[in-house]
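A structural walkthrough
Residue-level listing of the chains:
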Amino acid sequence: MEKLRAEGFTVEEGSGGMPTAFAAEWSNGPGPVIGMYAEYDAIPGNCQAALPRRMPRAGLGYQAGGHTDPHSALGIGALGGLLATKAAMERHGIPGGLRFTGEPAEKVRGSKPIHAAKGYYDGLAAMLSFHPFYMLPLCNTVRWNTHCGAAYAMVYRFICDAPENWGSGDGAPIPQSHSAARAPGAMDALAVMYVNAKALRDSMLPHQGGWSISEAVLTAGQATADNQPAGLAELQYMIRVPTIDMAEHVTAALDRTAAAAAAATGCRWERHWVSKSRPGLANHAMARVVWDAMQAAGPPAWGRAAIEVAQAIQAELGLDPMEAPFIDAMQRLVSPETAEAALRQELAPSQTHATSDDYTEMCWHAPTARFYIARPALKAPEGFGYPAWVMNALGGIPATIDPTVLKAAEVLAISALRLLEDDSARDAAMAEFRTRTGGGVGGADWQPPLCDYDPPIHFRWPEYISTPRGRDWWIPRGLPGA
C-alpha cells in the first residue's frame with residue numbers, strides 16, 4: 001500500500017471489511033480500466049529461510065507460516081506488471097485506468113468472494129490473473145476451457161453452555177462435582193463430527209470429479225484437561241469441487257453430521273461461512289491476448305546463479321548435483337489448446353471444472369484470463385522425492401524466484417497494454433463474456449456472488465502473537481519438535 005500510494009494510486013485499506021485486504025486505483029484519463037491483483041497467503045508449518053538448507057526464518061520455528069505456491073511471487077509479480085503498465089501509459093499517453101486489489105487468505109478462498117459481492121470487480125474492461133506453476137500441462141500457458149471449480153469453506157462451532165442438562169432425560173441429572181461423571185461437552189461433539197464425517201466421506205459424492213474435503217481443528221475446548229466439560233470447539237472444513245451443486249450436497253451432509261454430533265453430546269451447533277466461491281468462466285479472446293503476450297515475452301530463464309543454488313540444495317540432501325538441475329518444462333511454452341487437451345485426458349468427459357483457486361470470482365464480473373508462469377522446481381533422481389522445504393526455499397531465494405516474478409510482470413504488462421490500446425481485442429473479450437453469461441452481469445447464464453456472510457476475521461486462525469518471549473508464532477518456536 002505504501003508503494004502504491006507513492007506511485008500515485010488511491011488506496012482503500014481494509015477493503016470489503018477485511019483488515020489485510022486493499023483496493024487501489026489509478027487513472028490516466030477516461031478509458032477502459034484493467035484489473036490485476038496481488039494475492040498473498042502463508043501456510044502454517046512451512047516456515048523456511050531463503051537458504052539452500054532447511055532452516056526457519058529468523059526468530060521463528062518451523063510451524064510458522066511460509067510461502068508454498070509461492071505467494072512470494074504472486075504478489076510481487078503482479079505489482080511489477082501493474083507498475084510497468086502504469087509507466088508505459090504515462091510515457092506514451094495511453095488513456096485508461098488500472099485497478100489493483102490486495103487479496104489475502106487465498107488458500108481458503110477468503111477474500112475474492114467478498115470483494116466480488118461488494119462490487120470491487122465491477123466495471124472492469126478485463127481482469128488478468130497470474131499464478132506460478134511447474135507441472136505440465138499448466139506451466140507457461142493460459143487456461144482455455146477447463147477452469148478451476150467451486151469451493152465452500154466453513155467453521156462448525158459446538159457450544160456446551162448447559163452441561164447440567166446432560167442425562168436429565170432419565171431423571172438423574174449429573175452434578176458438576178469432582179466425583180461425578182463429566183458431561184461430554186464441545187470437544188466430544190467435535191470428535192464425533194470429525195470421525196463420522198470421515199466415515200461418510202465416501203458416500204458424499206461420486207468417485208470422480210477431482211473433489212476433496214479437508215478439515216482443521218481451530219479451537220479445542222478450553223485447551224486444558226480440567227474436569228469441566230469443554231464449552232467451545234471449532235472445526236473448519238474446506239470443500240473443493242467442480243460445481244456449486246456438489247458443494248451444496250456436501251454442505252448438507254456435513255450439517256446433518258454436525259446436528260447429530262451436537263445432539264449426542266448435549267451441545268448446540270452453528271455453521272459460520274469462511275468462503276462460498278463460484279467456478280470459473282472461460283474466455284478464449286482473453287486467453288489469446290495473454291498467449292500472444294507470452295509468446296512475445298518468451299519463457300522465464302534461470303541463469304548460473306540459480307543453477308548454483310539448485311546444486312547446493314541437491315548437495316545438502318546428499319545428491320550428486322546435476323549440471324541441469326531444473327525440470328525441462330520450466331523453460332518452454334505450452335499453447336492453451338495443447339494444455340487443455342492434456343488436462344482433459346485426466347478428467348471425465350462430463351467434468352467441466354478442475355482444481356481450485358478463487359480467481360474464479362473475477363470471471364463473472366469481467367472478461368478474465370488465467371495464466372501460469374513457471375516457478376523453480378528441481379529434477380529428482382529415480383525414486384527420490386524432495387522434502388517440502390526445498391520448494392519453499394526456491395520460492396524465497398532471489399536467484400531462483402526472480403525469473404518467475406519478472407516474467408509474470410512482463411506478460412501482465414504486455415497483455416494490459418494490448419487491452420488498453422486494441423479496441424478490437426477488448427471488444428471481442430467483452431462480446432464473448434456477454435455470450436457466455438447470457439447477457440453480461442445479471443444475464444440469463446450469469447452466476448451471482450454467493451457471499452452472504454461477513455468477513456470471517458474473528459476465528460482462531462493461526463497467527464503471529466506478542467508474548468513475554470517476544471514476537472512469536474502461536475505455536476512457540478521453543479516447543480520441542482516444533
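Residues numbered from 1 in each chain as written. Predicted model: local features only at pLDDT ≥ 70, side-chain atom pairs only at ≥ 80, totals over all residues. Heavy atoms only, no water.

**Section: the state of the cysteines**
The cut-off we apply is this: The definition used for a disulfide is geometric: two cysteine sulfur atoms within 2.5 Å.
Per the counting criterion, the structure on display carries 0 disulfides. Among the cysteines around Cys363, which has no disulfide bond, Cys148 carries the closest sulfur, lying 8.8 Å off.

**Considering the sheet that holds strand S9 (residues 150-159)**
Keep this limit in mind: Only when DSSP finds a minimum of two bridges between them are two strands counted as paired. What counts as a helix is a DSSP run of H or I of at least four residues, what counts as a strand is a run of E of at least two, and both are numbered from the N terminus. Lines fitted to C-alpha atoms define the axes, with helix axes restricted to the stretch in contact, and inter-axis angles between N-to-C directions lie between 0 and 180 degrees. Whether two residues are in contact is decided by their heavy atoms: any pair within 4.5 Å suffices.
Strand order across the open sheet formed by 4 strands is S10-S11-S9-S12, with antiparallel pairing between neighbours. Each edge of the open sheet is held by one strand with a lone partner, namely strand S10 (212-220) and strand S12 (268-277). Direction aside, the axes of adjacent strands within the sheet are offset by 15° on average. Where S10 meets strand S11 (residues 232-241), 8 bridges bridge the pair, whose relative direction is antiparallel. When the sheet's bridge partners are listed, Ala216 is paired in S11 with Gln236. Strands in contact with helix H4 (residues 186-200) are S9, S10 and S11; relative to S11, the strand with the most contacts, it is inclined by about 20°. Along the sheet, helix H5 (residues 244-264) makes contact with S9, S10, S11 and S12, crossing S9 at roughly 10°.

**Describing the nonpolar core**
Burial of nonpolar side chains together is a common tendency in soluble globular proteins. The test is simple: Here, the term nonpolar core denotes a set of buried Ala, Val, Leu, Ile, Met, Phe, Trp, Tyr and Cys residues that are joined through side-chain atoms within 4.5 Å. Relative accessibility under 20% of the residue-type maximum defines a buried residue, over 50% an exposed one, and the middle range a partly exposed one, all with a 1.4 Å probe and only protein chains included.
Judged by nonpolar contacts, the single largest core of 46 residues is most densely connected at Leu4, Phe9, Ile34, Leu82, Phe100, Leu128 and Phe371. In terms of residue count, helix H6 (residues 284-297) provides more of this core than any other element does, 9 residues in total. Non-local contacts of Leu128, meaning those with residues more than four positions away in its chain, are made with Ile34, Gly35, Met36, Tyr37, Met286, Val290, Ala369, Leu412, Ser415, Ala416 and Leu419. By size, the runner-up hydrophobic cluster in this structure holds 36 residues, among which are Ile213, Ala233, Val250 and Tyr453.

**Digging into the pairing of strand S7 (residues 126-133)**
Successive side chains on a regular strand alternate, one facing one side of the sheet and the next facing the other. In terms of burial, S7 is a largely internal element, 7 of the 8 residues being buried. In the sheet, strand S3 (residues 33-39) pairs with S7 via 2 bridges, with the strands oriented parallel. Within the sheet, the bridge partner assigned to Gly35 lies in S7 and is Met127.

**Some remarks on the sheet that holds S3**
Strands sit in the order S1-S2-S6-S3-S7-S13-S8 across an open sheet of 7 strands; the sheet is mixed. For this open sheet the edge positions go to strand S1 (10-13) and strand S8 (141-142), each flanked by a neighbour on one side alone. Sheet topology note: the S1/strand S2 (residues 22-27) ladder contains 4 bridges and is antiparallel. Residue Thr10 lies in a different strand from S2, and its bridge partner there is Glu25. Along the sheet, helix H2 (residues 71-92) contacts S2, S3, strand S6 (97-103) and S7; its crossing angle with S3, the most-contacted strand, is approximately 150°. Contacting S7, S8 and strand S13 (368-374), H6 crosses the sheet at an angle of about 30° to S13.

**Considering the environment of Ser212**
Tracing the backbone shows Ser212 in strand S10. Each C-alpha atom, one on Ser212 and one on Arg240, is 5.3 Å from the other, the two residues being 28 residues apart in sequence. With sequence-adjacent residues up to four places away left out, Ser212 is seen in contact with Met238, Ile239 and Arg240.

**Quick notes on the pairing of strand S15 (residues 470-473)**
Pairing analysis gives 4 bridges linking strand S14 (residues 464-467) to S15, with the strands arranged antiparallel. Its bridge partner being in S15, Ser466 is matched across the sheet by Arg471. The antiparallel hairpin formed by S14 and S15 contains 2 residues in its connecting segment.

**A few points about the side chain of Lys276**
Threshold: The term polar contact refers here to a pair of N or O atoms within 3.5 Å; inside protein, the definition further demands a hydrogen-donor-capable atom paired with an acceptor-capable atom, and it admits residues adjacent in sequence only when both atoms are side-chain atoms.
With respect to the secondary-structure elements, Lys276 resides in strand S12. Reaching out from Lys276, the side chain makes a polar contact with the side chain of Asp452 at a distance of 3.4 Å. When neighbours within four sequence positions are excluded, Lys276 is seen to be in contact with Pro113, Ala151, Tyr152, Glu361, Leu450, Cys451, Asp452 and Tyr453.

**Considering the packing of H4 against H5**
The line we're drawing: Take the far helix as the reference: if the near one is turned anticlockwise from it by less than a right angle, the crossing is left-handed, and if turned clockwise, right-handed. Classification convention: Asp, Glu, Lys, Arg as charged; Ala, Val, Leu, Ile, Met, Phe, Trp, Tyr, Cys, Pro as nonpolar; all other residues, Gly among them, as polar.
One way to put it is that H4 packs onto H5 with a least axis distance of 9 Å and a crossing angle of 140°. Considering how the two elements wind past one another, H4 and H5 form a crossing that is right-handed. Two secondary-structure elements touch here, H4 through Ala189, Val192, Met193, Asn196, Ala197 and Leu200 and H5 through Leu254, Thr257, Ala258 and Ala261. Partitioned by chemical class, the residues of the contact of H4 with H5 number 8 nonpolar, 2 polar and no charged.

**Quick look at the pattern of salt bridges**
Applied cut-off: Between Lys or Arg on one side and Asp or Glu on the other, a salt bridge is scored when a side-chain nitrogen of the former is within 4 Å of a carboxyl oxygen of the latter.
For the structure on display, the rule yields 28 salt bridges. Close ionic contact of Lys3 with Glu7 constitutes a salt bridge, the shortest N to O distance being 3.5 Å. Glu7 sits in the partly exposed class, given a relative accessible area of 26%. Here Glu39 and Lys112 are joined by a salt bridge, their closest N and O atoms 2.7 Å apart. Note that Glu39 is positioned in strand S3 and Lys112 in helix H3 (residues 112-117), a separation of 73 residues in sequence. Taken individually, Glu39 and Lys112 each receive the classification buried, so the pair is uniform in this respect.

**A word on the layout of surface pockets**
One way to see where empty space is left: roll a probe the size of a water molecule over the atoms. Note the following rule: Here the term cavity refers to a set of points on a 1 Å grid, laid over the protein atoms alone, in which a 1.4 Å probe fits but cannot get out; the term pocket refers to an open set having protein on both sides within 12 Å along at least five of seven lines, with lining residues being those that place an atom within 4 Å of a point. Grid points are joined across faces, edges and corners, and a volume is the space filled by probe spheres set on the points.
Approximately 750 Å³ is the volume attributed to the second largest pocket. Along its surface, the second largest pocket is lined by 35 residues, and Asp69, Lys107, His131, Phe133 and Met135 are the ones closest to its centre. For the lining of the second largest pocket, the elements supplying multiple residues, two or more each, are S7, S13 and helix H10 (388-394). Considering each element in turn, the lining of the second largest pocket owes the most residues, 5 residues, to H10. When grouped by side-chain class, the residues that make up the lining of the second largest pocket number 20 nonpolar, 6 polar and 9 charged.

**Re the packing of aromatic side chains**
Basically, it comes down to this: Between rings of Phe, Tyr and Trp, where Trp is taken as its six-membered ring, a pair exists when centres lie within 6.5 Å; planes separated by under 30 degrees are stacked, by over 60 edge-to-face, and by other angles tilted. The criterion is that NZ of a Lys, or CZ of an Arg, lies within 6 Å of the ring centre and within 35 degrees of the ring normal, and then a charge sits over that ring.
Applying the stated rule across the entire model yields 12 aromatic pairs. Between Phe133 and Tyr134, the ring centres sit 6.2 Å apart and the planes meet at 40°, which makes this aromatic pair tilted. On the basis of relative accessibility, which here comes to 25%, the residue Phe133 falls in the partly exposed class. Here Tyr156 and Tyr237 contribute two aromatic rings whose centre-to-centre distance is 6.0 Å and whose plane-to-plane angle is 80°, an arrangement assigned as edge-to-face. Pair noted here: Tyr156 is in strand S9 and Tyr237 is in strand S11, with a separation of 81 residues, a long-range link. For Tyr156, a relative accessible area of 0% gives the class buried. Under the relative-accessibility criterion, Tyr237 is labelled buried at 0%. An aromatic cluster of at least three residues, connected via ring pairs, comprises Phe133, Tyr134 and Tyr372. Across from the ring centre of Tyr62, 3.6 Å away, lies the NZ or CZ of Arg54, which sits over that ring.

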